[in-house]
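# Examination of the molecular architecture
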Amino acid sequence: GMSMRPLSEIRTDLTEEQPSSYALAAAGNTSTKDVTGTRHYTNSYIFYAKESAQNEVDRQDNNDFLERLTEWIETQADKGHLPELPGQYVAEGIEVSNGMLLDLYEDGTGLYQVQIQFTFYKRS
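My aim in this report is to walk through the structure given alongside it, one point at a time. (Residues numbered from 1 in each chain as written. Predicted model: local features only at pLDDT ≥ 70, side-chain atom pairs only at ≥ 80, totals over all residues. Heavy atoms only, no water.)

By size, the foremost hydrophobic cluster in this structure holds 12 residues: Tyr22, Phe47, Ala49, Ala53, Phe65, Leu66, Leu69, Ile73, Val96, Tyr112, Val114 and Ile116. Setting aside anything within four residues of it in sequence, one finds Ala49 in contact with Ser21, Tyr22, Phe65, Gly110, Leu111 and Tyr112. Counting residues in each nonpolar core, the second largest holds 5 residues, with Ala23, Ala25, Tyr48 and Leu111 among its members. (Core = buried A, V, L, I, M, F, W, Y, C linked by side-chain atoms within 4.5 Å. Buried < 20%, exposed > 50% of the residue type's maximum accessible area, 1.4 Å probe, protein only. Contact = heavy atoms within 4.5 Å.)

In structure tokens form, the structure reads like this:
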């Protein structure tokens, strides 16, 4: 099946036409203020994976990859292995949802996605 790739192989916003290709796209953000006045931010991203999806084995492998990726991200968050942010920003957590086949193309490739929500706050 698929394996973890170096960050340098992950494109911005769009995958390449041929598999295997991966991309990370920003998908919006929100902010809220708590009772102490601390502003909390949530940035949403979509991780795309374009892979061969011609047969049942390919599609099972692709779904297994999405499950492993989701589990790996959740494990990192549970262990407190979060990104270090610049300045007064502090990472709070990462959540993953909606791993699925998004589109199936005539050439036998499929576009899969996982949604990622990254939360952080700004120290006062």
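Glancing now at unusual backbone geometry. Leaving glycine out, the prevailing phi sign among residues is negative, and the prevailing peptide bond configuration is trans. Here the bond from Pro19 into Ser20 is cis, since omega is -15 degrees, no more than 30 degrees from zero. As for its position among the elements, Ser20 is in the loop between β1 (10-12) and β2 (21-33). Despite not being glycine, Asp13 shows a phi value in the positive range, around 75 degrees. Positionally, Asp13 belongs in the loop between β1 and β2. Classification of Asp13 as partly exposed rests on a relative accessible area of 40%. Phi angles above zero are rare outside glycine, and Asn98 is one such case at about 55 degrees. Among the structural elements, Asn98 can be located in strand β4 (residues 89-104). Residue Asn98 is classed as partly exposed on the basis of its relative accessible area, which comes to 43%. (Helix = DSSP H or I, 4+ residues; strand = E, 2+ residues; numbered from the N terminus.)

Turning our eyes to something else, we now look at the pairing of strand β3 (residues 39-52). Bridge analysis of β2 against β3 gives 11 bridges, and the strand direction is antiparallel. Looking at the pairing, Thr30 lines up with Thr42 of β3. Once β2 ends, the chain turns through 5 residues before running back antiparallel as β3, passing Gly37 with a positive phi of about 90 degrees. Where β3 meets strand β5 (residues 109-122), 13 bridges bridge the pair, whose relative direction is antiparallel. Considered in β5, the bridge of Lys50 is made with Leu111. (Pairing = 2+ DSSP bridges.)

A full pass over the atoms with the stated rule returns 2 salt bridges. Of the charged contacts in the structure, one is a salt bridge between Arg11 and Glu16, with a shortest N-O distance of 3.4 Å. Residues Glu56 and Arg59 are paired through a salt bridge, measuring 3.3 Å at the closest nitrogen-oxygen approach. A residue pair is termed a helical-turn pair when its members lie 3 or 4 positions apart in one helix, as Glu56 and Arg59 do in helix α1 (residues 56-78) at 3 residues. Take Glu56: its relative accessible area is 47%, and that puts it in the partly exposed class. (Salt bridge = Lys/Arg side-chain N within 4 Å of Asp/Glu carboxyl O.)

Before going further, it helps to examine α1. Between the first and last C-alpha of α1 there are 33 Å, a value that for 23 residues agrees with the 33 Å anticipated at 1.5 Å per step. Those residues of α1 that fall on the buried side of the exposure criterion are Asp58, Asn62, Phe65, Leu66, Leu69, Thr70, Ile73 and Gln76. On its buried face, α1 is in contact with β2, β3, β4 and β5. Two or three places before Val57, at the opening of α1, Asn55 has a side-chain oxygen 3.0 Å from that residue's backbone nitrogen. Taken from the residues just after α1, Gly80 is the one with a positive phi, measuring 80 degrees. (Expected span 1.5 Å × (residues − 1). Polar contact = N/O pair within 3.5 Å; in protein donor to acceptor, adjacent residues only side chain to side chain.)

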